[in-house]
Amino acid sequence: MSLAERIRERLAVLAPQKVELTDESGQNVGHEGAKDGGSHFRLTIVSSAFAGLKPIDRHRRVYETLGPLMQREIHALAVRALTPDEL
């Protein structure tokens, strides 16, 4: 299973209505984190699980959901977390 598939699998617990995941690792060749195999991703996720949460808490929820993937496999993750009403 690819890293992108594992990310999507973990994010499924947030019952997202939409997930856009872009691997930007190729744009970061030679970057310090890329040297150790860490990947760079851009994520837009829409879920009612973010209702009532501040942006920083939405990001924390995503990071907690990804768990150990954030420790090694994912070096950088740009997150845009929205509720369905914010589309």
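Remember, it's a predicted structure, so these values are computed and weren't measured experimentally. (Residues numbered from 1 in each chain as written. Predicted model: local features only at pLDDT ≥ 70, side-chain atom pairs only at ≥ 80, totals over all residues. Heavy atoms only, no water.)

This part is about the sheet that holds strand β1 (residues 18-23). With mixed pairing, 3 strands are arranged side by side in an open sheet as β1-β2-β3. If you trace the sheet from one side to the other, it starts and ends with β1 and β3 (74-82), each paired once. The average angle at which neighbouring strand axes cross in this sheet is 15°, direction not considered. In this structure, β1 lies alongside strand β2 (residues 39-46), joined through 6 bridges in antiparallel fashion. Opposite K18, over in β2, you have V46 as the bridge partner. Sitting on the sheet, helix α1 (residues 3-11) is in contact with β1, β2 and β3, with an inclination near 30° to β2. In the packing of helix α3 (residues 55-66) onto the sheet, contacts are made with β2 and β3, and the angle to β3 comes to roughly 130°. (Pairing = 2+ DSSP bridges. Helix = DSSP H or I, 4+ residues; strand = E, 2+ residues; numbered from the N terminus. Axes fitted to C-alpha atoms, helices over the stretch in contact; angles between N-to-C directions. Contact = heavy atoms within 4.5 Å.)

Here we come to the nonpolar core. Within the largest apolar cluster, 16 residues are counted, with the highest numbers of intra-cluster contacts made by I7, L11, I45, V62, L66 and L77. Elements with a contribution of two residues or more to this core: α1, β2, α3 and β3. Considering each element in turn, this core owes the most residues, 4 residues, to β3. In contact with L77, other than residues within four places in its own chain, are F41, L43, V62, Y63, L66 and M70. (Core = buried A, V, L, I, M, F, W, Y, C linked by side-chain atoms within 4.5 Å. Buried < 20%, exposed > 50% of the residue type's maximum accessible area, 1.4 Å probe, protein only.)

This part is about α1. For α1, every residue scored as buried is listed here: L3, I7 and L11. With its buried residues spanning 75° around the axis, α1 presents them on a single face. (Arc of directions from axis to C-beta.)

Glancing now at the environment of E5. By secondary structure assignment, the location of E5 is in helix α1. E5 sits 16 residues away from L21 along the chain, and the two C-alpha atoms are 9.8 Å apart.

To continue, consider the confidence of the model for the protein chain. Scored by pLDDT, the protein chain comes out at a mean of 90, with 87% of its residues at no less than 70. Taken element by element, the protein chain is modelled with least confidence in helix α2 (residues 32-35), mean pLDDT 50, and with most confidence in α3, mean pLDDT 98. (pLDDT = per-residue confidence, 0-100.)

Where α1 meets α3, the closest approach of the two axes is 9 Å, and the angle between their N-to-C directions is 115°. The element α1 and its partner α3 pack so that their crossing is right-handed. Within the contact between the two elements, α1 uses I7, R10 and L11 and α3 uses V62, T65 and L66. (Left-handed = near helix turned anticlockwise from the far one by under 90°.)

Counted according to the given criterion, the structure contains 5 salt bridges. K18 is the partner of E20 in a salt bridge, and the nearest nitrogen-oxygen pair spans 3.0 Å. Residue class for K18 comes out partly exposed when judged on its relative accessible area of 34%. Between R42 and E24 there is a salt bridge, and its shortest N-O distance comes to 2.9 Å. Taken together, the positions of R42 in strand β2 and E24 in the loop between β1 and α2 put the pair 18 residues apart, joining distant regions of the chain. (Salt bridge = Lys/Arg side-chain N within 4 Å of Asp/Glu carboxyl O.)

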